[in-house]
Amino acid sequence: MDWCRYRFRSVWDLPAAPGDVYEALSRVEDYPRWWPQVREVTEVEEGVGTARFRSFLPYDLRVTGRTRRSDPVDGVLEVGMAGDLDGWSRWTVRAGGRGTRALYEQEVVVRRPLMRRLSIPCRPVFRANHAFMMRSGRRGLEAYLEGV
(Lines give C-alpha, C1' and ligand atoms only; values in the text may rest on other atoms or scores of the structure.)
Protein backbone atom coordinates (compact mmCIF):
# COMPACT_ATOMS: atom_id res chain seq x y z
CA MET A 1 0.00 0.00 0.00
CA ASP A 2 1.22 3.48 -0.88
CA TRP A 3 0.57 5.38 2.38
CA CYS A 4 0.98 8.70 0.54
CA ARG A 5 -1.94 8.00 -1.84
CA TYR A 6 -5.44 9.10 -0.90
CA ARG A 7 -8.87 8.60 -2.43
CA PHE A 8 -11.68 10.77 -1.17
CA ARG A 9 -15.40 10.80 -1.92
CA SER A 10 -17.97 13.23 -0.55
CA VAL A 11 -21.64 13.70 -1.40
CA TRP A 12 -23.27 17.08 -0.89
CA ASP A 13 -27.07 17.32 -1.02
CA LEU A 14 -27.91 20.95 -1.66
CA PRO A 15 -31.28 22.75 -1.81
CA ALA A 16 -30.60 24.44 -5.15
CA ALA A 17 -31.02 23.72 -8.85
CA PRO A 18 -28.26 21.65 -10.49
CA GLY A 19 -27.45 24.47 -12.91
CA ASP A 20 -26.92 26.91 -10.04
CA VAL A 21 -24.68 24.45 -8.18
CA TYR A 22 -22.66 23.69 -11.30
CA GLU A 23 -22.22 27.39 -12.00
CA ALA A 24 -21.02 28.10 -8.46
CA LEU A 25 -18.59 25.16 -8.51
CA SER A 26 -17.24 26.23 -11.90
CA ARG A 27 -16.26 29.68 -10.54
CA VAL A 28 -13.21 28.44 -8.68
CA GLU A 29 -11.99 32.01 -8.11
CA ASP A 30 -15.02 32.50 -5.81
CA TYR A 31 -14.28 29.48 -3.58
CA PRO A 32 -12.54 31.61 -0.90
CA ARG A 33 -15.80 33.59 -0.56
CA TRP A 34 -17.75 30.55 0.66
CA TRP A 35 -15.22 27.84 1.54
CA PRO A 36 -13.19 28.98 4.59
CA GLN A 37 -10.37 26.47 4.07
CA VAL A 38 -9.74 27.61 0.50
CA ARG A 39 -7.56 30.58 1.35
CA GLU A 40 -6.53 31.76 -2.10
CA VAL A 41 -7.19 30.99 -5.77
CA THR A 42 -5.28 32.76 -8.52
CA GLU A 43 -5.91 32.32 -12.23
CA VAL A 44 -2.64 31.93 -14.14
CA GLU A 45 -4.23 31.59 -17.57
CA GLU A 46 -7.52 30.28 -18.86
CA GLY A 47 -8.07 26.83 -17.40
CA VAL A 48 -5.00 26.99 -15.14
CA GLY A 49 -4.73 28.39 -11.63
CA THR A 50 -3.07 28.05 -8.28
CA ALA A 51 -4.79 27.41 -4.97
CA ARG A 52 -3.76 27.53 -1.34
CA PHE A 53 -5.85 25.78 1.28
CA ARG A 54 -5.65 24.89 4.94
CA SER A 55 -8.01 22.98 7.21
CA PHE A 56 -7.54 22.57 10.99
CA LEU A 57 -3.95 21.28 10.80
CA PRO A 58 -1.31 24.05 10.88
CA TYR A 59 -0.02 23.82 7.32
CA ASP A 60 -0.96 25.19 3.92
CA LEU A 61 -1.17 23.04 0.82
CA ARG A 62 -0.47 24.62 -2.56
CA VAL A 63 -1.45 23.15 -5.90
CA THR A 64 -1.63 24.18 -9.51
CA GLY A 65 -4.85 23.04 -11.13
CA ARG A 66 -5.42 22.50 -14.83
CA THR A 67 -8.93 21.97 -16.22
CA ARG A 68 -9.32 18.50 -17.70
CA ARG A 69 -13.08 18.57 -18.22
CA SER A 70 -15.72 21.26 -17.94
CA ASP A 71 -19.03 19.86 -19.18
CA PRO A 72 -22.21 21.64 -18.03
CA VAL A 73 -24.46 19.22 -19.99
CA ASP A 74 -23.11 16.20 -18.08
CA GLY A 75 -22.54 18.27 -14.92
CA VAL A 76 -18.85 17.35 -14.68
CA LEU A 77 -15.94 19.55 -13.58
CA GLU A 78 -12.55 17.84 -13.42
CA VAL A 79 -9.12 19.24 -12.72
CA GLY A 80 -5.62 17.78 -12.70
CA MET A 81 -3.44 18.88 -9.79
CA ALA A 82 0.29 19.23 -9.27
CA GLY A 83 2.27 20.58 -6.33
CA ASP A 84 1.90 19.50 -2.71
CA LEU A 85 -0.74 17.10 -4.05
CA ASP A 86 -0.50 15.39 -7.44
CA GLY A 87 -3.58 13.81 -8.97
CA TRP A 88 -7.08 14.90 -9.86
CA SER A 89 -10.41 15.98 -8.43
CA ARG A 90 -13.86 15.91 -9.96
CA TRP A 91 -17.32 17.28 -9.23
CA THR A 92 -20.33 15.52 -10.74
CA VAL A 93 -23.54 17.52 -10.33
CA ARG A 94 -26.97 15.88 -10.76
CA ALA A 95 -30.56 16.47 -9.71
CA GLY A 96 -31.28 14.59 -6.49
CA GLY A 97 -31.36 14.81 -2.74
CA ARG A 98 -32.84 18.17 -1.68
CA GLY A 99 -32.47 19.58 -5.20
CA THR A 100 -28.93 18.74 -6.26
CA ARG A 101 -26.53 15.99 -5.38
CA ALA A 102 -22.90 17.02 -5.91
CA LEU A 103 -20.42 14.16 -5.82
CA TYR A 104 -16.80 15.09 -5.12
CA GLU A 105 -14.10 12.56 -5.92
CA GLN A 106 -10.37 13.03 -5.52
CA GLU A 107 -7.34 10.82 -5.98
CA VAL A 108 -3.99 12.32 -5.00
CA VAL A 109 -0.48 11.48 -3.95
CA VAL A 110 1.02 13.68 -1.26
CA ARG A 111 4.29 15.31 -2.35
CA ARG A 112 4.87 17.61 0.60
CA PRO A 113 7.96 16.16 2.37
CA LEU A 114 6.77 16.46 5.97
CA MET A 115 3.40 14.88 5.17
CA ARG A 116 5.18 12.03 3.39
CA ARG A 117 7.36 11.38 6.45
CA LEU A 118 4.28 11.37 8.69
CA SER A 119 2.11 9.40 6.26
CA ILE A 120 1.72 6.25 8.37
CA PRO A 121 1.21 7.60 11.90
CA CYS A 122 -0.82 10.63 10.83
CA ARG A 123 -2.98 9.11 8.08
CA PRO A 124 -6.17 9.08 10.24
CA VAL A 125 -5.55 12.73 11.18
CA PHE A 126 -4.99 13.73 7.53
CA ARG A 127 -8.25 11.99 6.56
CA ALA A 128 -10.12 13.73 9.40
CA ASN A 129 -8.63 17.05 8.30
CA HIS A 130 -10.00 16.49 4.80
CA ALA A 131 -13.43 15.42 6.10
CA PHE A 132 -13.67 18.58 8.21
CA MET A 133 -12.78 20.69 5.17
CA MET A 134 -15.45 19.01 3.06
CA ARG A 135 -18.18 19.44 5.71
CA SER A 136 -17.29 23.10 6.03
CA GLY A 137 -17.32 23.52 2.25
CA ARG A 138 -20.79 22.01 1.96
CA ARG A 139 -22.16 24.36 4.60
CA GLY A 140 -20.44 27.32 2.97
CA LEU A 141 -21.74 26.54 -0.51
CA GLU A 142 -25.27 26.05 0.80
CA ALA A 143 -25.19 29.49 2.48
CA TYR A 144 -23.60 31.05 -0.62
CA LEU A 145 -26.30 29.62 -2.90
CA GLU A 146 -29.04 30.97 -0.62
CA GLY A 147 -27.59 34.47 -1.07
CA VAL A 148 -27.30 34.29 -4.88
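No experiment lies behind these values; they were computed from the predicted model shown. (Residues numbered from 1 in each chain as written. Predicted model: local features only at pLDDT ≥ 70, side-chain atom pairs only at ≥ 80, totals over all residues. Heavy atoms only, no water.)

With that settled, consider the pattern of salt bridges. Across all of its chains, the model carries 19 salt bridges by this definition. Arg-52 serves as the salt-bridge partner of Glu-40, at 3.2 Å between the closest nitrogen and oxygen. Of this pair, Glu-40 sits in strand S2 (residues 38–45) while Arg-52 sits in strand S3 (residues 48–53), and the two are 12 residues apart along the sequence. Of the residues examined, Glu-40 reaches a relative accessible area of 35% and is grouped as partly exposed. A salt bridge links Glu-105 to Arg-90; the nearest nitrogen and oxygen atoms lie 3.3 Å apart. On the criterion of sequence distance, the pair formed by Glu-105 in strand S7 (residues 99–110) and Arg-90 in strand S6 (residues 85–96) is long-range, its members being 15 residues apart. One salt-bridge network, in which partners are shared between bridges, spans Glu-40, Arg-52, Arg-54, Asp-60 and Arg-62. (Salt bridge = Lys/Arg side-chain N within 4 Å of Asp/Glu carboxyl O. Helix = DSSP H or I, 4+ residues; strand = E, 2+ residues; numbered from the N terminus. Buried < 20%, exposed > 50% of the residue type's maximum accessible area, 1.4 Å probe, protein only.)

In this structure, the largest pocket occupies an estimated 1,100 Å³ of space. Lining the largest pocket are 49 residues, with Val-28, Tyr-31, Ala-51, Val-79 and Ser-89 positioned closest to its centre. The element contributing the most residues to the lining of the largest pocket is strand S4 (residues 61–71), with 8 residues. Residue composition of the lining of the largest pocket, by class: 26 nonpolar, 14 polar and 9 charged. (1 Å grid on protein atoms, 1.4 Å probe; cavity = no way out; pocket = protein on both sides within 12 Å on 5 of 7 lines; lining within 4 Å. Points joined across faces, edges and corners; volume = space filled by probe spheres on them. Nonpolar A, V, L, I, M, F, W, Y, C, P; charged D, E, K, R; others polar.)

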